Amino acid sequence: MSAVAELKPKPLWKHFAKLCEIPRPSKHEHKVVEYIVEFANSCNLDVQLDRVGNAILKKPATPGMEDRKVLAMQSHVDMVPQKNADTDHDFLTDPIRPYIDGDWVTAEGTTLGADNGIGVAAILALFESTDIPHPPLEALLTIDEEAGMTGAKQLQPGYFDADLLLNLDTEDEGELYVGCAGGVDVNAILSHRAEALPAGHKAFRLSVRGLRGGHSGLDIDKGRGNANKIANRIIDRVRRASVDLRIASLDGGSLRNAIPRESFTVLTVPDSDEARLREVLAAETQVIAAELDSETGLEISLEATSAPVSVMDKASQGKLIEAIRCCPNGVERMSDSLEGVAETSNNLARVVIEQEAGRNQVRIQCLVRSLSDTARDDHGLNVAAAFELAGAQVVLDNAYPGWTPNIQSPLLALMKRVYKDMSGEEPEVKVIHAGLECGLLAKPYPNWDMVSFGPTIRRAHSPEERVHIRSVANFWDYLVRVVQAVPSRA
């Protein structure tokens, strides 16, 4: 932690190291919000919390810049809580353990929280500074971006005077984002009966591990394996090989916005079918590995385990297998107008057998994204239909809009000019398939001119998340230059 805090620019890394000490998974941000309020009070800044817990900071202009436009900056304070199966970590109580790995900062067995902790740290560093000339500054630090965008959704008008907004939540140096996808959650519940373990059955634990995973927006077009799909494919192959397979438990994926890296299934087969089970598994593993040759860490294993008390009833089991087969996953359509950009996608994020109020059920979570709100809603119905046909109860929830690009944005023109002056190169102007809060922020503040940018972050939403050290320094330099270049109100 101390080595990370000493990196340059030290004002930014100091705050990031502190953020790593504070548990802040989505929907549990109270400790980090308390830290922000204490920080603001220590710096004599104007700070308030809105009704949902977003933190709003204000700082007067430095002398000579009072006539400049008011500039707001925005980042989210929560992080995605992902860890490797063999990592002992409680995201509600334990600090993130960052370390320097060559040119990168990463974490020990968990997500790092650079998404969006670097953005938050940059804002705090800028508001703490006493030697950076700046216009009137405002900051919006939102809660619950990763799990529902609650903070942005419930933001009310009247808090801000800003004309311009910098969203500090994208992940490639040299790229400026002016549009993003919207999304909708598709949540399904399939009830089933628990039956006694059939006589003569032996239990095994099927594990799918080692997939690359990643962000279900940024990485959905990269052809990465989905552990839920892979586990279901193997189970279906075994079933179709006339093996009397029964599912006892299933736990695949973790978060709606993370591509599933792991899945664990306890299944049973008659003693006489064990050899056939292993034969089919070995053959299918070879096929899957050949198809997903970029997934070099993929591990599929089968181990004997203790016998479960019960298994799913066979009819419900068949419906579940077929529904997961039918569920769209990955890119549904590429954009016609934006070359190389996914328009519409789905992430089959979570499949788990659980008991709720004494009822046996399978819970399925998906996240549909699209640059088009109408295509988002239509594809959400496509995904829902796969589970409705299996008899599941399905709810489409938490829809949020995309952010419509404005290529003629004056703020974009300013940022392109500053970047060219700083680096000698033209920045790339892009639209992102991931969800940013900008589309929601435009509702209460329709006159905001918005651009999003950030340092280079790789493998966000996975335990391999890392941020490039030099790019953070460049990001900070660029942010400071943009702040100083804000034009007058005239």
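Anyway, here's the lowdown on the structure attached to this text.

Basis of the calculations
Residues numbered from 1 in each chain as written. Predicted model: local features only at pLDDT ≥ 70, side-chain atom pairs only at ≥ 80, totals over all residues. Heavy atoms only, no water. Axes fitted to C-alpha atoms, helices over the stretch in contact; angles between N-to-C directions. Helix = DSSP H or I, 4+ residues; strand = E, 2+ residues; numbered from the N terminus. Parallel < 35°, antiparallel > 145°, perpendicular 65-115°, else oblique. Left-handed = near helix turned anticlockwise from the far one by under 90°. Contact = heavy atoms within 4.5 Å. Nonpolar A, V, L, I, M, F, W, Y, C, P; charged D, E, K, R; others polar. Polar contact = N/O pair within 3.5 Å; in protein donor to acceptor, adjacent residues only side chain to side chain. 1 Å grid on protein atoms, 1.4 Å probe; cavity = no way out; pocket = protein on both sides within 12 Å on 5 of 7 lines; lining within 4 Å. Points joined across faces, edges and corners; volume = space filled by probe spheres on them. Core = buried A, V, L, I, M, F, W, Y, C linked by side-chain atoms within 4.5 Å. Buried < 20%, exposed > 50% of the residue type's maximum accessible area, 1.4 Å probe, protein only. Pairing = 2+ DSSP bridges. Phe/Tyr/Trp six-rings, centres within 6.5 Å; stacked < 30°, edge-to-face > 60°. Expected span 1.5 Å × (residues − 1).

It is the contact of helix α10 (residues 410–423) with helix α12 (residues 469–485), at a shortest axis distance of 10 Å, that shows an interaxial angle of 125°. On the basis of the axis angle, α10 is oblique to α12. Crossing hand, α10 versus α12: right-handed. Within the contact between the two elements, α10 uses Leu-414, Met-415, Lys-416, Val-418, Tyr-419 and Met-422 and α12 uses Asn-474, Asp-477, Tyr-478, Arg-481, Val-482 and Ala-485. When its residues are assigned to classes, the contact of α10 with α12 shows 8 nonpolar, 1 polar and 3 charged.

Another point: the environment of Tyr-445. By the element assignment, Tyr-445 lies in the loop between α11 (438–441) and β21 (449–452). Along the chain, Tyr-445 and Leu-320 lie 125 residues apart, while their C-alpha atoms are 44 Å from each other. For Tyr-445, the residues in contact, after removing those within four places along its chain, are Leu-155, Gln-156, Pro-157, Gly-158, Tyr-159 and Phe-160. There is a polar contact of 3.2 Å between the side chain of Tyr-445 and the backbone nitrogen of Gly-158.

This next bit is on empty space enclosed by the protein. Enumeration over the complete set of coordinates arrives at 6 cavities of 30 Å³ or more. Its boundaries defined by the atoms lining it, the largest cavity holds a volume of some 160 Å³. Together, 20 residues line the largest cavity, and Glu-145, Glu-146, His-215, Arg-369 and Gly-435 are the ones closest to its centre.

Ranked by size, the top nonpolar core spans 67 residues in total, and within it Trp-13, Leu-57, Leu-166 and Met-415 carry the most contacts. Looking at this core element by element, the count peaks at 10 residues for helix α4 (residues 114–128). In this view, Trp-13 contacts Val-4, Ala-5, Leu-7, Lys-8, Val-105, Ile-118, Val-467, Ile-469 and Val-472; residues no more than four positions away in its chain are not counted. Formed by 49 residues, the second largest nonpolar core is a distinct cluster that contains Leu-211, Leu-292, Leu-298 and Ala-384.

Turning our attention to the pairing of strand β1 (residues 46–49). The sheet contact formed by β1 and strand β2 (residues 55–59) spans 4 bridges and is antiparallel. Bridge assignment links Val-47 to a residue of β2, and that residue is Leu-57. Count of turn residues in the β1/β2 antiparallel hairpin: 5 residues, of which Gly-53 carries a positive phi of about 105°.

Time to look at the packing of aromatic side chains. According to the stated counting rule, one finds 7 aromatic pairs in the structure shown. Aromatic pair Trp-13 and Phe-16: ring centres 5.8 Å apart, planes at 85°, arrangement edge-to-face. In this pair, Trp-13 and Phe-16 both sit in helix α2 (residues 10–21), 3 residues apart, roughly one turn of the helix. Judged by its relative accessible area of 0%, Trp-13 falls in the buried class. The class for Phe-16 is buried, based on a relative accessible area of 0%. When the centroid spacing of 5.1 Å and the interplanar angle of 70° are considered together, the rings of Phe-453 and Tyr-478 count as edge-to-face. With a gap of 25 residues between them, Phe-453 in the loop between β21 and β22 (457–458) and Tyr-478 in helix α12 connect regions that are remote in the sequence. With relative accessibility at 2%, the residue Phe-453 sits in the buried group. Taken together, the aromatic side chains of Tyr-419, Phe-453, Phe-475 and Tyr-478 make up a single cluster linked through ring pairs.

Let's shift gears to the sheet that holds β22. Taken in spatial order, the 4 strands make up an open sheet running β4-β5-β23-β22, and their pairing is antiparallel. Both edges of this open sheet fall to β4 (98–101) and β22, since each of them pairs with a single strand only. Strand direction decides the pairing type here: strand β5 (residues 104–107) and strand β23 (residues 466–468), joined by 3 bridges, are antiparallel. Residue pairing in the sheet places Val-105 in a bridge with Val-467 of β23.

Let us now look at α4. With 15 residues, α4 ought to run about 21 Å at 1.5 Å a step, and its terminal C-alpha atoms sit 20 Å apart, in line with that. Here α4 lies mainly inside the structure; 14 of its 15 residues are buried.

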